[in-house]
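A structural walkthrough
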Amino acid sequence: MQSFIDGLIASGVFGGLPAEAIYPAMMFLFASIVVFGFVLPLVTITIWLERRVWSRIQSRVGPNRVGPQGVLQGLADGVKNILKEDVVPDAADRPLFVFAPYLLVWGFLATFVVIPFSSALVIADLNVGILYIVAIVALSAVGVLMAGWASNNKWSLLGGIRSAAQVVSYEIPAGLALLPVVLLTGTLSTQGIIQAQGWAPWDWFLFHSPFTFIAAFAFYISALAETNRTPFDIPEAESELVAGFATEYSGFRFALFFLAEWGSLYVTGAIMAVLFLGGWQIPTGWTNNTVVLNIAQLTVFFLKAYFWVFLAMWIRATLPRIRVDQMMSLCWKYLVPLGFVNLVGTAVWMVIWPEGNTFVPYLMVVGTLALLVIFFRRVLYHLRRAKPELYFNPAI
Amino acid sequence: MDQYVPVLIALILGGVVALVMTFASTMLGVKTHSAVKDEPFECGNPPSGSAWGRFSVKFYLAAILFIVFDVEVVFLYPWAVVFRQLGLFGFIAMLLFVLVLVVGLVYEVKKGGLEST
């Protein structure tokens, strides 16, 4: 982004304006484009798509009335939420109650600062990028706890403290799972980590060694827990806690919680893509046009990130919710020790093969492909065996 | 410091988005208050006292564990960045550090700090 603005200044677009004024203005413009042109539409589309995917999995139709196939459902829900009453209970701690959703919105929007959409498009390539993400995501824990406490409602309080316990616990396995990649690259900058990988799967850190492979999935599980997704949605468990920390919220404040939830889901996918799937890396040399190259990188990055979002939808439609004690023991007894094993294992791997093993990545790519083939063959087998009346029928 | 201006911009932008939308909601939404509507929701029953009371000590335990381990994880980050320069000495030193952490974790699990009964 810095070099892009430098190029614009050099070309004389701004005339004689001082550089100190141009940088913040351009940053603001770009950040606004990211927020209004990408994040907000993305969240509404993701919510619609998630409902459609669940419906498809559960053999029903889902929202398909607002716009073509129901794409505008999110927009309609947003307008409806704005027109609803914003109730603040009498007994609530009003300032905290009103302020809590903003913390959640900050917690996910501020992470977009360091997410590199392509080689040129990143709002700021901070040299502490990964640490910054880990730090800023923790804001949402404060927001949820604040919302739960301020509501002065037993359901909300239980949801809030459950969520605080869950988010802070899973921050440790998440932080440990990111460490192997930091070890390998020696940098915390998101662009630096992507540049250390290649476009081919065997150059990705996912397949670098068995330890990074496990770390990727340990991070994904921890991230699902941190964003309160099923099977870790115990803070807002509908069947036990009404709506958890969001019970007393209404109007657009209620919608902000869900804006943050689905927004941070994409952030999770983007972090997975950056750290383990080679980010925006594509084969080079087929074009000299920077704009075309960046659009191709943008597409590749979006697809890689969205794959994990889709996986989260799939998991949510498939798995039941786990109990609080199971959640705690999964974190402390399994994921944290696994994180230490990955960390030490990666360090040993680097001592033995400083430049990385040349054979193992290919083996792991082939192994993963074989697993995927077996999995989809099983899916096809079960689809063929399923009763025809259970098939999804769009005509219903 | 200039590097962090975008973070500030993002925070301001997020605040503006949320503020404008909640403001629109308070302006456009209906406003009908009643004593029953404004009381805390307890599935239709009259609320039984304030929710600001005591809750399980297990949650405090989780918070204390988090503080210990999160600080340790943050200590690991700078080490990971300079791991290649440190060589074998850094590797063994951090191995000992991780060992101390793991001993703490094993003690906590053995002591039953995570059992929720």
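Given the structure is predicted, the values throughout are model-derived calculations rather than measurements.

**Quick look at the overall build of chain B**
Helix and strand counts for chain B stand at three helices and zero strands. Walking chain B from its N terminus toward its C terminus, one meets helices and strands in the order α-α-α. Taken against the 2.2 N^0.38 rule, which gives 13 Å for 117 residues, the C-alpha radius of gyration of chain B at 25 Å runs more than 25% over that of a compact globule. Projected onto the principal axes, the alpha-carbon positions of chain B cover approximately 70 × 50 × 15 Å. When the 117 residues of chain B are sorted by exposure, 18% land in the buried category.

**Details of the overall build of chain A**
Summing up its helical and strand segments, chain A has 14 helices and zero strands in all. Mapped from its N terminus to its C terminus, chain A presents α and β elements in the order α-α-α-α-α-α-α-α-α-α-α-α-α-α. Here chain A has a C-alpha radius of gyration of 22 Å; the compact-globule value for 396 residues is 21 Å, and the two agree. Taking the principal axes of the C-alpha coordinates as reference, chain A spans close to 65 × 60 × 45 Å. Looking at chain A as a whole, 49% of its 396 residues are labelled buried. Within chain A, contacts between residues at least 6 apart in sequence are counted, and of these 78% link residues at least 24 apart.

**Section: the domain arrangement of chain A**
Residue and element names in this part refer to chain A. Once the domains are mapped, chain A shows domain 1 (1–83) and domain 2 (87–351). Here the C-alpha centroids of domain 1 and domain 2 sit 19 Å apart. Taken together, the contact pairs 20 residues of domain 1 with 18 residues of domain 2. Those elements giving two or more residues to the side of domain 1 that touches domain 2 turn out to be helix H2 (19–57) and helix H3 (73–83). It is H2 that contributes the most residues to the side of domain 1 that touches domain 2, 14 residues altogether. Counted by class, the side of domain 1 that touches domain 2 contains 15 nonpolar, four polar and one charged residues.

**Observations concerning the interface of chain B and chain A**
Contacts between the two partners involve 53 residues from chain B, matched on the other side by 66 residues from chain A. Of all elements in the fold, only helix H1 (5–28), helix H2 (58–81) and helix H3 (83–110) of chain B reach the threshold of two or more residues within the side of chain B that touches chain A. The element best represented in the side of chain B that touches chain A is H1(B), accounting for 17 residues. Grouping the amino acids of the side of chain B that touches chain A by side-chain chemistry returns 37 nonpolar, nine polar and seven charged.

**Notes on the packing of helix H4 (residues 94–109) of chain A against helix H11 (residues 251–276) of chain A**
All names here are of chain A. Taken N-terminus to C-terminus, the directions of H4 and H11 make an angle of 20°; their axes are 9 Å apart at the nearest point. Overall, the two elements H4 and H11 adopt an arrangement that is roughly parallel. Like other packed secondary-structure pairs, H4 and H11 cross with a definite hand, here left-handed. Residue-level contacts link Pro101, Leu104, Val105, Gly107 and Phe108 of H4 to Arg253, Leu256, Phe257, Leu259, Ala260, Gly263, Ser264 and Val267 of H11. Across the contact of H4 with H11, the residue classes tally to nine nonpolar, three polar and one charged.

**Concerning H4(A)**
Residues and elements named next belong to chain A. Its 16 residues give H4 an end-to-end C-alpha distance of 24 Å, which sits within 8% of 22 Å, the value for a rise of 1.5 Å per residue. If you look at H4, its biggest bend is around 30°, right at Ala100, and the proline Pro101 turns up within four residues after that. Those residues of H4 lying buried are Phe97, Ala100, Pro101, Tyr102, Leu103, Leu104, Val105, Trp106, Gly107, Phe108 and Leu109.

**A word on the packing of H2(B) against H3(B)**
All names here are of chain B. With their axes 10 Å apart at the nearest point, H2 and H3 run at an angle of 170° to one another. Relative to H3, the element H2 lies roughly antiparallel. Mapping the contact onto sequence places Leu65, Glu72, Trp79 and Ala80 in H2 and Phe83, Gly90, Met94, Leu101 and Glu108 in H3. Residues that form the contact of H2 with H3 fall into these classes: six nonpolar, one polar and two charged.

**A closer look at the confidence of the model for chain A**
Counting all residues, the mean pLDDT for chain A is 83, and 92% of those residues have values of 70 or more. Considering each helix and strand of chain A separately, the mean pLDDT is smallest for helix H1 (residues 2–10) of chain A, with a value of 67, and largest for helix H9 (residues 210–226) of chain A, with 90.

**A closer look at the confidence of the model for chain B**
All names here are of chain B. Per-residue pLDDT for chain B averages 81, and the proportion of residues at 70 or more is 97%. Looking over chain B, one finds the lowest element-wise mean pLDDT in H1, namely 83, and the highest in H3, namely 85. Scoring of the predicted complex yields 0.88 for pTM and 0.86 for ipTM.

**Points about the environment of Gly192(A)**
Residues and elements named next belong to chain A. Considering the arrangement of structural elements, one finds Gly192 in helix H8 (residues 190–195). Spatially, the C-alpha atoms of Gly192 and Met364 are 24 Å apart, while their sequence positions differ by 172 residues. In contact with Gly192, other than residues within four places in its own chain, are Thr185 and Thr187.

About the criteria used
- Residues numbered from 1 in each chain as written.
- Chains lettered and ligands numbered in written order.
- Predicted model: local features only at pLDDT ≥ 70, side-chain atom pairs only at ≥ 80, totals over all residues.
- Helix = DSSP H or I, 4+ residues; strand = E, 2+ residues; numbered from the N terminus.
- Rg over C-alpha atoms; globule rule 2.2 N^0.38 Å.
- Buried ≥ 20, exposed ≤ 12 C-beta atoms within 10 Å, placed from the backbone.
- Contact = placed C-beta atoms within 7 Å.
- Domains from an automatic or database assignment.
- Nonpolar A, V, L, I, M, F, W, Y, C, P; charged D, E, K, R; others polar.
- Axes fitted to C-alpha atoms, helices over the stretch in contact; angles between N-to-C directions.
- Parallel < 35°, antiparallel > 145°, perpendicular 65-115°, else oblique.
- Left-handed = near helix turned anticlockwise from the far one by under 90°.
- Expected span 1.5 Å × (residues − 1).
- Bend = angle between axes of the 7 residues up to and from the residue.
- pLDDT = per-residue confidence, 0-100.

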